[in-house]
Amino acid sequence: MKIKWGVIGCGGIADRRTLPGMMLAENAELVAVMDTNSELAQAAKEKYHAQYAFTTVEDLLALDEIQAVYIASPVAFHQAQTEAAAKAGKHILLEKPMTLSSAKSQEIADVCEKYNVKIGVGLMMRFHTYHQLMKKLIEEGKLGQIVSMRAQLTCWYPDIPGNWRQQKATAGGGSLMDMGIHCVDLLQYISGLKAVEVASMSGTQIFNYDVEDGGSLIMKMENGAIAYVDANFNIPDDAAVCKLEIYGTEGSIFAEGTIGQVEGGNVRVTICGDQGAYDAAQNRQPTNSYMMEAELGNMYTKEIEGFGKAISEGKVPPVTADDAINVQKIIEAAYASNDSKKFISI
């Protein structure tokens, strides 16, 4: 069964990644696109062979044949557009963050429940094959008890006049809210552990916009493990490594380049087993490491297919509103920690 889609917001991530991914999805059919910029809407219609192009949300939602909408507009518009889609009976795949605050995100989740429509959120990095294999290793106990984790995502994002991501009123936050949120979600998803306490420092170091261009946070996880997240808008793309590290009592995972918009990178796994007694020599020459190998694909295609399958089979979406609200609360706790100079409980 093919789910018939409408897309709200045709520029940015929609045109760069999600719409090309949708074209490869076996259970998706693009019917209509919408953007307030008529040229963008018409260009997307032609590029992706949609039947209709609109400049208002109301016109798109009036199409009875549309079953689901993907919303990739600026965050400040998410709440009104999501609530309108829910009232029109459309299932919703919404880009992260859901809204400008976790409280407002809960409001739209409640609206979707009221109108009996499914809502999923675009934390697409969960669908990376390597990330799913990492999760499986940990679920099987191959790393023992997780004790330390780190994830980082950076880009070079200089001042752009009028850019909505660089204004708190329209974005809700800066590098932590835009990119750190992916890192927080991945660490919780892969490890199966939830954060219970957060400490953070962030600020605008290099650029002039009113959200942070760099920040780091530390999470204490429910089992006592410590997790670190770095998110920067002020590191050149060519200098970025985007590491993901997970350490347990019986092994480790070290990845580079898996956190990003393209499914790629490399992953080294080390399985040590039970360590036994203390070794004073501390000879760090692992002989039981290997490079993870798997067939990689398109995270956005898998995201669309997964949400479509949830609709057709009446199942819970792969990434739920509760998942997204939880990580948004953690980012908000990071901001509160930076401002108050205190640890914040989740």
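Above this text sits the structure in question.
Residues numbered from 1 in each chain as written. Predicted model: local features only at pLDDT ≥ 70, side-chain atom pairs only at ≥ 80, totals over all residues. Heavy atoms only, no water.

**Focus on the sheet that holds strand 13 (residues 266-271)**
Cut-off, in case you're wondering: Paired strands, as defined in this entry, are two strands with at least two bridges between them according to DSSP. Where helices and strands are cited, they refer to DSSP runs of H or I of at least four residues and of E of at least two residues respectively, numbered from the N terminus. Contact criterion: two residues are considered in contact whenever any of their non-hydrogen atoms come within 4.5 Å of each other. For every element, the axis is a line fit to its C-alpha atoms; helices are fit only across the contacting stretch, and the angle between N-to-C directions ranges from 0 to 180 degrees.
Within the open sheet, the nine strands sit side by side as 14-13-12-11-7-10-9-8-15. Their pairing is mixed. Two strands close off the open sheet at either side, each with one partner strand: strand 14 (289-291) and strand 15 (344-345). Sheet topology places strand 11 (residues 243-248) next to strand 12 (residues 251-256); six bridges connect them, and they run antiparallel. When the sheet's bridge partners are listed, Lys-243 is paired in strand 12 with Glu-256. Running at roughly 10° to strand 13, helix 6 (residues 129-139) makes contact with strand 7 (146-154), strand 11, strand 12, strand 13 and strand 14 of the sheet.

**What to know about the packing of helix 4 (residues 78-87) against helix 5 (residues 102-114)**
Which entries qualify depends on this criterion: Just so you know how the angles are binned, under 35 degrees is roughly parallel, over 145 roughly antiparallel, 65 to 115 roughly perpendicular, and the rest oblique. Only Asp, Glu, Lys and Arg are considered charged, only Ala, Val, Leu, Ile, Met, Phe, Trp, Tyr, Cys and Pro nonpolar, and every remaining residue, Gly among them, polar.
In the contact formed by helix 4 and helix 5, the axes pass within 9 Å of each other and the chain directions differ by 10°. Viewed along their axes, helix 4 and helix 5 adopt a mutual orientation that is roughly parallel. Every residue of helix 5 that contacts helix 4 at Gln-79, Thr-82, Glu-83 and Ala-86 is listed here: Lys-104, Glu-107, Ile-108, Val-111 and Cys-112. Partitioning the contact of helix 4 with helix 5 into residue classes produces four nonpolar, two polar and three charged.

**Structural notes on unusual backbone geometry**
Residue Pro-97 is reached from Lys-96 by a cis peptide bond, and omega for that bond is -20°. By secondary structure assignment, the location of Pro-97 is in the loop between strand 5 (91-94) and helix 5. Here Cys-242, not a glycine, exhibits a phi torsion of approximately 55°, which is positive. Considering the arrangement of structural elements, one finds Cys-242 in the loop between strand 10 (226-232) and strand 11. In this model, Lys-341 sits at a positive phi of 60°, which is unusual for a non-glycine residue. In this fold, Lys-341 is placed in the loop between helix 10 (321-340) and strand 15.

**Some thoughts on the packing of helix 5 against helix 10**
Viewed as axis vectors pointing N to C, helix 5 and helix 10 meet at an angle of 170°, and their least axial separation amounts to 9 Å. Taken as axis vectors, helix 5 and helix 10 run roughly antiparallel relative to one another. From helix 5, Ser-102, Ser-105, Gln-106 and Ala-109 reach across to helix 10, where they touch Ala-321, Ile-325, Gln-328, Lys-329 and Glu-332. Here the residues of the contact of helix 5 with helix 10 sort into three nonpolar, four polar and two charged.

**Section: the sheet that holds strand 2 (residues 28-34)**
Here we have six strands laid out as an open sheet, ordered 3-2-1-4-5-6, and parallel in their pairing. The open sheet has two edge strands with one neighbour each: strand 3 (52-54) and strand 6 (119-121). Strand-to-strand twist of the sheet, defined as the mean angle between neighbouring strand axes without regard to direction, takes the value 25°. The pairing of strand 2 with strand 3 spans three bridges and is parallel. Looking across to strand 3, one finds that Ala-32 is bridged to Tyr-52. In the packing of helix 2 (residues 38-47) onto the sheet, the strands contacted are strand 2 and strand 3, and the crossing angle to strand 3 comes to about 165°. Contacts between helix 4 and the sheet are confined to strand 1 (3-8), strand 4 (68-71), strand 5 and strand 6, with strand 5 contributing the most and set at about 160° to the helix.

**Things to note about the packing of aromatic side chains**
For any pair of aromatic rings, the description rests on two quantities: the centre-to-centre distance and the angle between the ring planes. Spelled out, the test is: Two rings from Phe, Tyr or Trp (for Trp, the six-membered ring) form a pair when their centres are within 6.5 Å of each other. A pair whose planes differ by under 30 degrees is stacked, one over 60 is edge-to-face, and the rest are tilted. Only protein chains enter the accessibility calculation, which uses a 1.4 Å probe; a residue whose area is less than 20% of its type maximum is buried, one above 50% is exposed, and one in between is partly exposed. Charge over a ring is defined by NZ of Lys or CZ of Arg lying within 6 Å of the ring centre and within 35 degrees of the ring normal.
Inspection of the entire model under this criterion finds six aromatic pairs. On the numbers, 5.1 Å between centres and 75° between planes, the contact of Trp-156 with Phe-207 is edge-to-face. Within this pair, whereas Trp-156 is found in the loop between strand 7 and helix 7 (168-171), its partner Phe-207 is found in the loop between strand 8 (195-203) and strand 9 (214-221), the two being separated by 51 residues in sequence. Judged by its relative accessible area of 39%, Trp-156 falls in the partly exposed class. Over the aromatic face of Tyr-189 sits the side chain of Lys-135, whose NZ or CZ is 4.5 Å from the ring centroid.

**A short note on the pattern of salt bridges**
Rules: For this analysis, a salt bridge means a side-chain nitrogen from Lys or Arg found within 4 Å of a carboxyl oxygen belonging to Asp or Glu.
Tallying each qualifying case throughout the model produces twelve salt bridges. Ionic pairing is found between Asp-15 and Lys-47, a salt bridge with its closest N-O pair at 3.0 Å. Here the residue Asp-15 occupies a position in helix 1 (residues 12-24), and Lys-47 occupies one in helix 2, the gap between them amounting to 32 residues. You can call Asp-15 partly exposed: its relative accessible area is 28%. A residue is classified by how much of its surface remains accessible, and Lys-47, at 49% relative accessible area, is partly exposed. Between Asp-178 and Arg-165 there is a salt bridge, with its nearest N and O atoms 3.2 Å apart. Of this pair, Asp-178 sits in helix 8 (residues 175-191) while Arg-165 sits in the loop between strand 7 and helix 7; the two residues are 13 residues apart in sequence, bridging distant segments of the chain. Relative accessible area serves as the criterion here: at 28%, Arg-165 is assigned to the partly exposed category. One network of salt bridges, with partners in common, ties together Lys-96, Arg-165 and Asp-178.

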